[in-house]
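Here's the letter readout for the chains.
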Amino acid sequence: MSAASTAESADFRGPLDITRAATVVLDAESTVIGWSPAASELLGYGPSDALGRPLTTFLSVRPAGGTLPAEASGAAGPGPGPPSLVGNEIHVARTRDGRELLVATATCPLPGAAGASGSGTPDRILVAAEVEALLHWESRIALLQGLATQSPVGLAIYDTDLRLSWSNTAYEREMGQPLAAFRGKRAEELYGAGSFVTPGYPHTLAGVMRQVLDTGEPVLDLHFRGQPPSDPGRDHLWSCAYYRLEDAHGHALGVCEDAFDITDRYRVQERLTLLVEAGRRIGTVLDVATTAEEIADVAVPDFAATVRVDVTRAAVTGETAAVGSPADMTLLRVAERSAPGSGTPDPGLPASGPTETGRPDPYRPAASPTVADSPDTGRPDTGPTGSGPTGSGPTATARGPAGPGGTNSPGGPGGPRQPYPPVDYPPGSPQNRSLSSGGLVLDEGTLVVPLRTGGGILGLVTFDRGEGSDTSGRTPGPDRATTFDNGEVALADELAARAAVCIDNARRYTRERTASLALQRQLLPHHLPPQSAVETAYRYLPADDVTGVGGDWFDVIPLSGTRVGLVVGDVVGHGLQAAATMGRLRTSVRAFAQLDMAPDELLTRLDDLVGQPAEDRSDACGGAVETYDVTTGATCLYAVYDPVSRRCVMARAGHLPPAIVGPGGEVSFPDLPAGPPLGLGGLPFESMEIDLPVGSLLALFTDGLVEARDHDIGRGLDTLGQVLGDRSASLEELCDRAVSELVPGGTSADDTALLLVRTRALGADRVADWELTAEPVSVGRARELATGQLEAWGLEELVFATQLVVSELVTNAVRYAGGPLGLRLIRDRTLVCEVADTGHTSPHLRHSAADDEGGRGLFIVAQLVQRWGTRYTPTGKTIWTEQALPPAEAG
């Protein structure tokens, strides 16, 4: 906008003002006797052309067409013109160039001219202006009038001393009194406790207005917080603009203030911001307690002075949400927050002394409990080592230090201990009414919203604004709202709805994790029985709460001939399916191991078993094919150690090789042939046989022990080797050190299994073996040898039964197999009797008919021994039996 147009827009003189309008002086006969320059500019006639001529020469009542234009025809109602032109006459003026202009005129008689009637004597003055200009000026006047009387924006003018000199009606409404009552007061006297909250500007009204007066630079949209005299006790927020007022010569006259109350809009924005913050901060982890703490953190102090979150016991433990009467629900105080200096009595807990959060101290719960205990970590004698999963999430202020046993004692020393105190609301309380109705309850400054999901109630959220005195006896400040409006009630309902969804998700996760841990706990070994062949120790660490239950597993399997099977495996994935798959694999390995299979053959059979469900899955699922199978890709390492020969045969299917520590402390990782993971097929499995001197250490583990986000497998293997190299430490100590070094936090993203085995050997005085020929005479010789050895061991009670067993087994070998034959007796926890031959057919137990000549010997043997079986070797087979030792010898 140019300077000329700016000046024109700032000129509020009317178009009919005599200083601006076309002015004509007329005598009594309407003859022009005076002609102003403005008239010459409007009509184009100079004074010489106009003087002495009648007025009708220039103005006519009707235009050449005979009708007035629509804008001046008075269509809006009766009268000489439109409402804005009432009091003025409308004429058509003819310019010198022949154009017609629609003009409004006003006539003013001259004083003393009433008695004059002569020609040339001034009688009256006529002023004229274009109708369009007059209408424009009228709208500007209406604008000023509207700003002064109808505008919702408060307008005020302060002089150069910053004293109020004028204000409009909206400003008077804010003040609650007419202008005359506060004219001349300074701004600080009107809003003394308020201040600007917009950064980068002075905080006081006087400072901002003085800055505008000094610099002449207007400021826009400054936010001012204060309490208007018309609404004391409640903060309002205004959007303010300031600009300097100047006269025609540029001298400052004062400052104009435009102020618009944006309190409601600001509160809506605050609520929207709170919802966004709630969406970002609520439900970050699948934990009921953490989610409850998050909603309290979000709401305090911006929305409420105190927030209490009570959750049903069923939701904490992962059970189904309660849908019955309040008697069916037990509420636990899971989280509570209070703003500093706030807090109200809690009707749900017994009063026993306030704390800094307004809660009785004895009821402040301890750290978050683990819903389901982890499986045994591997101390058969002393129990768990405490290396199971730990609670996750931040510690709430509602959680106090744990007492003995890990929880607080609500009843004082010696009383019952519980992680979260139960709450019991009396009848008539807002919480009790909310539970009864299933809806939200607003009771003055207390708002109770139920946590609802799926038709059930998970708990309650109590928002309290601290109406009345708090626990310290202080009353709330005058600027604190003590109740909730409709918008805030809707906001609280939305916050509770979001929290309920997150708590329900955490409840479902807790239920699944509890079931997974229970299943895993049942499927993993509870303890390892003592073995003559090896000394064992183990640790199992479940994955963290975020990842869930994994599928790592291990086992120690007693085999025939005092041998022992060692196995460790890893299933892909986490959760119930991984735990169930782990149980399938462990059971299958045990079944195959009892058949005395070699490690490579066992893995081949296991690979076939894993691959079979992938082919038959559509039939098993009624035609539906699963998109993901955690069985395929599982890894396994299987080893068999013989304490008599002190040799270990092992094979692996995609698993990490074991660590072997010799008697001198040297650590090695044997280059064991790597077979493919289970279920992939296509490649054979290979075994490796290793001599293990007495006292050697064998470590079987999963990748969760040596691999982590902050280091690779190579670094983990080096650390494990350094730990295992200490020969002076016991197996239990080595397990603890390995876990603390490689899994310092106690849990990781993957579960961990570690099995340590220290080898032993059976002495020559406990093993006796002979080689016999495949001749009938060898049967008697075998009986003699066995009898003599048993007498040497002091096992005379077993001589008769052993003679029958040896006679039957050697006779079968002579008749149905070839020589040479082998006879071996082993005195261990049981008496083991083995007969080896070169045949490859295994005898079968059967019932003989009355007329059968044979078939009864093996049946008799089975009745005399605890168990028996067949073990195939590269040169034939071995039939073995086990007999219980006499009580004195067994002890």
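On a predicted model such as this, the values are computed, not experimentally measured, just so you know.

Caption draft 1: Region of interest: the sheet that holds strand S19 (residues 534-541). The strand order S19-S29-S28-S24-S25 describes an open sheet built from five strands, whose pairing is antiparallel. This sheet does not close on itself; its edge strands, each paired only once, are S19 and strand S25 (667-668). For strand S28 (residues 697-701) and strand S29 (residues 752-759), the ladder comprises five bridges, and the chain directions are antiparallel. Among the inter-strand pairings, Leu-700 is bridged to a residue of S29, identified as Leu-755. Its contacts with the sheet put helix H17 (residues 713-724) on strand S24 (659-661), S25, S28 and S29, and the angle it makes with S28 is roughly 145°.

Caption draft 2: Quick peek at the pattern of salt bridges. For the structure shown, the criterion picks out 31 salt bridges. A salt bridge links Asp-310 to Arg-333, with the nearest nitrogen and oxygen atoms 2.4 Å apart. Of the two residues, Asp-310 sits in strand S13 (residues 306-312) while Arg-333 sits in strand S14 (residues 331-338), which places them 23 residues apart along the sequence. Taken as a pair, Asp-310 and Arg-333 share a single burial class, namely buried. Among the charged side chains, a salt-bridge network with shared partners connects Arg-308, Asp-310, Arg-333 and Glu-336.

Caption draft 3: Fine view of the side chain of Thr-95. Examined against the element boundaries, Thr-95 turns out to sit in the loop between strand S4 (89-94) and strand S5 (100-109). Note on Thr-95: relative accessible area 4%, which makes it buried. Of note is the side chain of Thr-95, whose polar atom sits 2.3 Å from the side chain of Asp-97. The residues touching Thr-95, leaving out its near neighbours within four places in the chain, are Leu-42, Leu-43, Tyr-45 and Leu-101.

Caption draft 4: Structural context of the pairing of strand S6 (residues 122-130). S6 sits mainly inside the fold: seven of its nine residues count as buried. With six bridges connecting them, strand S1 (residues 22-27) and S6 associate as antiparallel partners. Bridge pairing in S6 links Val-25 to Ile-125. Both S5 and S6 contribute to a ladder of seven bridges, which runs antiparallel. What sits directly across from Val-103, in S6, is Glu-130.

Caption draft 5: Broad picture of helix H8 (residues 205-215). Those residues of H8 not exposed but buried are Leu-205, Ala-206, Val-208, Met-209, Val-212 and Leu-213. The buried residues of H8 occupy an angular sector of 165° when the element is viewed end-on, so they sit on one face. Elements in contact with the buried residues of H8: strand S7 (154-159), helix H7 (187-190), strand S9 (195-196), strand S10 (219-226), strand S11 (236-246) and strand S12 (252-261). Gly-216 lies just past H8 and shows a positive phi near 75°.

Caption draft 6: Representation of helix H20 (residues 799-816) within the structure. Counted at 1.5 Å a residue, the expected span for H20 with its 18 residues is 26 Å, and the 26 Å between its end C-alpha atoms agrees. Within the sequence span of H20, burial applies to Val-799, Ala-801, Thr-802, Val-805, Val-806, Ser-807, Glu-808, Leu-809, Val-810, Ala-813 and Val-814. Of the surrounding secondary structure, the elements contacted by the buried residues of H20 are helix H19 (777-793), strand S31 (821-827), strand S32 (830-837), helix H21 (857-864) and strand S34 (876-884).

Basis of the calculations
- Residues numbered from 1 in each chain as written.
- Predicted model: local features only at pLDDT ≥ 70, side-chain atom pairs only at ≥ 80, totals over all residues.
- Heavy atoms only, no water.
- Pairing = 2+ DSSP bridges.
- Helix = DSSP H or I, 4+ residues; strand = E, 2+ residues; numbered from the N terminus.
- Contact = heavy atoms within 4.5 Å.
- Axes fitted to C-alpha atoms, helices over the stretch in contact; angles between N-to-C directions.
- Salt bridge = Lys/Arg side-chain N within 4 Å of Asp/Glu carboxyl O.
- Buried < 20%, exposed > 50% of the residue type's maximum accessible area, 1.4 Å probe, protein only.
- Polar contact = N/O pair within 3.5 Å; in protein donor to acceptor, adjacent residues only side chain to side chain.
- Arc of directions from axis to C-beta.
- Expected span 1.5 Å × (residues − 1).

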